[in-house]
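Below are the chains, spelled out letter by letter.
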Amino acid sequence: MKSPQLAPGPSGIRPRGNTESTVRALRGQSAVLPYLFLGFLIVYFLIPIWWLFVASTKDAQDLFTSPSALWFGKSFNLIPNLSDLFTYDEGIYIRWLLNSVLYAVVGGLGATSLAVLAGYGFAKFKFSGRRLSFSMLLGSVMVPTTALVIPTFTFFSDLGLTDTIWAVILPSLLNPFGVYLMLVYSSDAVPEELLDAARVDGAGEFRTFVQVALPLLRPAIVTVLLLSVVANWNNYFLPLAMLSDKNLFPITVGIGLWEGQASANNGGGHSLWGLIIAGCLISIVPLVIAFLSLQKYWRGGLAVGALK
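If you're wondering where the values come from, they're calculated on a predicted model, not measured in any experiment.

Engineer: For this particular structure, what's the right way to read the overall build of the protein chain?
Structural biologist: Across its full length, the protein chain holds 14 helices and 2 strands. Taken over 308 residues, the protein chain has a buried fraction of 32%. Look at the contacts in the protein chain between residues 6 or more apart in sequence, and 67% of them connect residues 24 or more apart. Looking at the protein chain as shown, the accessible area adds up to about 19,000 Å², and 68% of this sits on carbon and sulfur atoms.

Below, the structure written as structure tokens:
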């Protein structure tokens, strides 16, 4: 068998024939594969949103008789559906929307504040019982939140706080995973030398935390805030167990109430399915706005962390 012929090249000896073109073709294919996979993921995650938007433009008849679930019906009824949504039952949906904003914002800000303080304290201070407390924190991360709803309901019932906004807000302030995330991030993002330099310059612990550590923790703070807000916005089981007054319901429980009525008797003669679909569409708009408005802080934090 003859060995392949070699010919000199600019960088030495290289094989003749179509070897170089084959290598370039393989490199081109390997470069395209990640983009194809990314495109598949984009389509996969956008299909439910597209279906939700398309379904919100259909009337009750088209919603069940349209030949394609991913395309528009005979008429475009988005505006009438939204009008019915905000006026049905004296505008109860607007009340649910405001309740969700209240629970998500207050609970998210409170949970983030406690997580930042606790995580920074675990990471930068030595105190008795620190190891035991950290072990309890890790154990609480593994406990499903739904498993705590019944004990929480019993506790708040004894305090007389059930069927109030505090029954939803106060349990939302505890975020063990947020504390753990802030602990890990604080350990690496805030150098001890920087804190010691601030203390040598005469800064107290509070001033050192606010002016030195807090700006370095911005990406993690935004992450914990967003996770807390999304979790509180999507919370269903806790307000379902704690609340009985429909004027205090968040969107999740309110839409669940409508769905039960629609499944039972079609809303008492009024079709609720169009309202349910439109309400689901409106419920994701605040989350999309939150993600789009906060992603600049992640980019900024990554750029700061890359500087030496």
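Engineer: Would you mind showing me how to read the layout of surface pockets here?
Structural biologist: Where empty space is left can be seen by rolling a probe of water-molecule size over the atoms. Looking at the largest pocket, its volume works out to about 830 Å³. Forming the walls of the largest pocket are 30 residues, and the residues nearest its centre are Thr145, Leu148, Pro171, Ser172 and Leu174. Looking at side-chain class alone, the lining of the largest pocket contains 20 nonpolar, 10 polar and no charged residues.

Engineer: What is the right way to look at the packing of aromatic side chains in this model?
Structural biologist: Scanning all chains against the criterion turns up 18 aromatic pairs. Here phenylalanine 40 and tyrosine 44 contribute two aromatic rings whose centre-to-centre distance is 6.3 Å and whose plane-to-plane angle is 25°, an arrangement assigned as stacked. Placement of both phenylalanine 40 and tyrosine 44 in helix α1 (residues 19-56) is noted, with a separation of 4 residues, approximately one turn of the helix. Side by side, phenylalanine 40 and tyrosine 44 carry an identical accessibility label, which is exposed. Each residue in the set Trp50, Phe53, Trp71, Phe72 and Phe76 is aromatic and connected to the rest through ring pairs, giving one cluster.

Engineer: I keep staring at the nonpolar core and nothing clicks. Help me out?
Structural biologist: Note that soluble globular proteins tend to have their nonpolar side chains buried in a common cluster. Counting 40 residues, the largest nonpolar core has Leu85, Tyr93, Trp96, Leu243, Ile251 and Trp258 as its most contacted members. Of all the secondary-structure elements, those providing two or more residues to this core are α1, α3 (78-87), α4 (92-124), α7 (166-172), α11 (218-233), α12 (237-242), α13 (251-265) and α14 (273-306). When residues in this core are grouped by element, the largest group, 9 residues, is from α14. Apart from the residues lying within four places of it in its own chain, the contact partners of leucine 243 are Tyr103, Asp163, Thr164, Val168, Leu248, Phe249 and Pro250. Ranked by size, the runner-up nonpolar core spans 20 residues in total, among them Val179, Ala198, Leu217 and Ala220.

Engineer: What should I look at first to understand the pattern of salt bridges in this one?
Structural biologist: Pairing between side chains becomes possible if they bear opposite charge and their charged atoms approach one another. Taken as a whole and assessed by the stated rule, the structure comprises 4 salt bridges. A salt bridge links aspartate 89 to lysine 246, with the nearest nitrogen and oxygen atoms 2.9 Å apart. With a gap of 157 residues between them, aspartate 89 in the loop between α3 and α4 and lysine 246 in the loop between α12 and α13 connect regions that are remote in the sequence. Taking the shortest distance from any N to any O, the salt bridge between glutamate 205 and arginine 199 comes out at 2.7 Å. Taking relative accessible area as the criterion, glutamate 205 reaches 36% and is therefore assigned partly exposed. On the basis of relative accessible area, arginine 199 is assigned to the partly exposed category, the value being 27%. Each of Asp196, Arg199 and Glu205 takes part in a single network of salt bridges with overlapping partners.

Engineer: Could you clarify how one ought to interpret the side chain of threonine 57 in this entry?
Structural biologist: Position of threonine 57 among the secondary structure elements: in the loop between α1 and α2 (60-65). Every residue in contact with threonine 57, bar those within four places of it in the chain, is listed here: Phe72, Ser75, Phe76, Asn77, Leu78 and Asn81.

Engineer: Mind showing me how you'd approach a nonpolar patch on the surface here?
Structural biologist: Among the surface-exposed residues, Val43, Ile47, Trp50, Trp51, Leu70 and Trp71 lie close enough to one another that they form a single nonpolar patch of about 580 Å² accessible area. Mapping isoleucine 47 onto the fold places it in helix α1. We classify isoleucine 47 as partly exposed; its relative accessible area is 39%.

Engineer: Would you take a moment to explain the packing of helix α10 (residues 205-216) against α11 for this structure?
Structural biologist: In helix packing, the relevant descriptors are the interaxial angle and the interaxial distance, both defined with respect to the helix axes. Closest axis-to-axis distance for the α10/α11 pair is 5 Å, and the angle between their directions is 70°. Comparing the axis directions of α10 and α11 gives the class roughly perpendicular. Judged by residue contacts, Leu214, Pro215 and Leu216 of α10 engage Arg218, Pro219 and Ile221 from α11. Here the contact of α10 with α11 is built from residues that sort into 5 nonpolar, no polar and 1 charged.

What counts, and where the lines are drawn
Note that residues are indexed from 1 along each chain, following the sequence as it is written. Only residues with pLDDT of at least 70 get local features here, since the model is predicted, and only at 80 or more are side-chain atom pairs given and counted; chain-wide, interface and lining totals rely on the full set of residues. The side-chain figures draw on all heavy atoms in the structure; neither hydrogens nor water molecules are used. Strands here are runs of E lasting at least two residues and helices are runs of H or I lasting at least four, both read from the DSSP assignment and numbered beginning at the N terminus. Burial here depends on accessible area, computed with a 1.4 Å probe over protein chains only, as a share of the maximum for the residue type. Under 20% is buried, over 50% is exposed, and the range in between is partly exposed. Contacts: residue pairs with any heavy atoms within 4.5 Å of one another. Values of accessible area rely on a 1.4 Å probe in the Shrake-Rupley scheme; residue burial ignores everything except the protein chains shown. Within this scheme a cavity is a closed region of a 1 Å grid, computed over the protein atoms alone, that accommodates a 1.4 Å probe without allowing it to escape, whereas a pocket is open but has protein on both sides within 12 Å along at least five of seven lines; lining residues each have an atom within 4 Å of a point. Grid points are joined across faces, edges and corners, and a volume is the space filled by probe spheres set on the points. Polar here means any residue other than Ala, Val, Leu, Ile, Met, Phe, Trp, Tyr, Cys and Pro, which are nonpolar, and Asp, Glu, Lys and Arg, which are charged; Gly is therefore polar. Stacked, edge-to-face and tilted labels apply to pairs of Phe, Tyr and Trp rings (six-membered ring for Trp) whose centres lie within 6.5 Å, assigned for plane angles under 30 degrees, over 60, and everything in between, in that order. Put simply, a nonpolar core is a bunch of buried Ala, Val, Leu, Ile, Met, Phe, Trp, Tyr and Cys residues held in one set by side-chain atoms that sit within 4.5 Å of each other. Any Lys or Arg side-chain nitrogen found within 4 Å of a carboxyl oxygen on Asp or Glu counts as a salt bridge. Within this analysis, patches are made of residues with over 30% relative accessible area and no salt bridge. Like charges are joined at 9 Å or less; nonpolar side chains (Val, Leu, Ile, Met, Phe, Trp, Tyr) at 5 Å or less. To define axes, lines are fitted to C-alpha atoms, for helices over the stretch in contact only, and angles between the resulting N-to-C directions are given on a 0 to 180 degree scale. By definition in this entry, angles of less than 35 degrees are roughly parallel, angles greater than 145 are roughly antiparallel, angles of 65 to 115 are roughly perpendicular, and the rest are oblique.

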